[in-house]
Amino acid sequence: MDLATLTLFLPACFALNMAPGPNNLLSVSNATRYGYRRACAAGIGRILAFAGMIALAGAGLSVVLQTSEWLFHAIKIIGAAYLLYLAWQLWRANPDAGQQATAASVGFFRLARQEFLVAAGNPKAILLFTAFLPQFVDPSQPVAAQFAVLGALFLLLEWIAIGAYAWMGLHMRRWFAEPRGKRIFNRCCAGLLSAAASVLLMTKRA
């Protein structure tokens, strides 16, 4: 993969990883209740769920890329529309709405299973892997290798996000729970996602 593609992919992907979705908020709650290490370890469940989704998306990607140019652009538009939708949801999110984990046990497998189920049951995650990642794949090059690289980078950045949110839950829970601080954070992520959508719409492929 060329450097220009990775330069575009990494910040856009990291904005998605850092968006305060259900799994990231679960990491905050787990760190607050059970500690930083346990919250990070529980994130293995999320990584396994996302890895399975990436593999399934990658298995059918070559079929999509070998179809008409119209369908390829249609997927591109869907991916950008998803980013804009998520940005809008974050921008108008109610900062007073609280999210709490419901883990009944501090056992590692119980928390990891909870992370796995939350990730696997999130339809936005499925849409992400089928509409966002393909935008950065060059159909003239080996598709499987490119998708493997993008998937690995996504999982690496997701692991960083797990650690970052767990750290916030441990050391910044007062700031994160404050409505004003949550609103600022949500709108920063919304701005990053909107910028990523705009760049994707302007990007041309050979």
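Residues numbered from 1 in each chain as written. Predicted model: local features only at pLDDT ≥ 70, side-chain atom pairs only at ≥ 80, totals over all residues. Heavy atoms only, no water.

> Could you clarify how one ought to interpret the nonpolar core in this entry?
Most often, soluble globular proteins keep nonpolar side chains buried together rather than apart. Counting 30 residues, the largest nonpolar core has Phe129, Phe132 and Phe154 as the members making the most contacts within it. Elements represented by at least two residues in this core include exactly helix H1 (3–18), helix H3 (36–59), helix H5 (69–91), helix H7 (123–131), helix H8 (143–171) and helix H10 (179–202). With residues up to four places along the chain from it excluded, the contact list for Phe129 reads Phe50, Met53, Ile54, Ala57, Pro134, Phe147 and Phe154. Counting residues in hydrophobic clusters, the runner-up holds 5 residues, among them Met18, Val28, Tyr165 and Met168. (Core = buried A, V, L, I, M, F, W, Y, C linked by side-chain atoms within 4.5 Å. Buried < 20%, exposed > 50% of the residue type's maximum accessible area, 1.4 Å probe, protein only. Helix = DSSP H or I, 4+ residues; strand = E, 2+ residues; numbered from the N terminus. Contact = heavy atoms within 4.5 Å.)

> So what exactly am I meant to see when it comes to a nonpolar patch on the surface here?
A cluster of nonpolar side chains, contributed by Ile44, Leu48, Phe108, Phe109, Phe116, Leu117 and Trp159, occupies part of the molecular surface with about 720 Å² of accessible area. For the nonpolar patch, the elements supplying multiple residues, two or more each, are H3 and helix H6 (108–120). In terms of residue count, the dominant contributor to the nonpolar patch is H6 (4 residues). On the secondary structure map, Leu48 appears in helix H3. With relative accessibility at 55%, the residue Leu48 sits in the exposed group. (Patch = residues over 30% accessible without salt bridge, like charges linked within 9 Å, V, L, I, M, F, W, Y side chains within 5 Å. Areas by Shrake-Rupley, 256 points an atom, 1.4 Å probe, with all protein chains shown as cover. Salt bridge = Lys/Arg side-chain N within 4 Å of Asp/Glu carboxyl O.)

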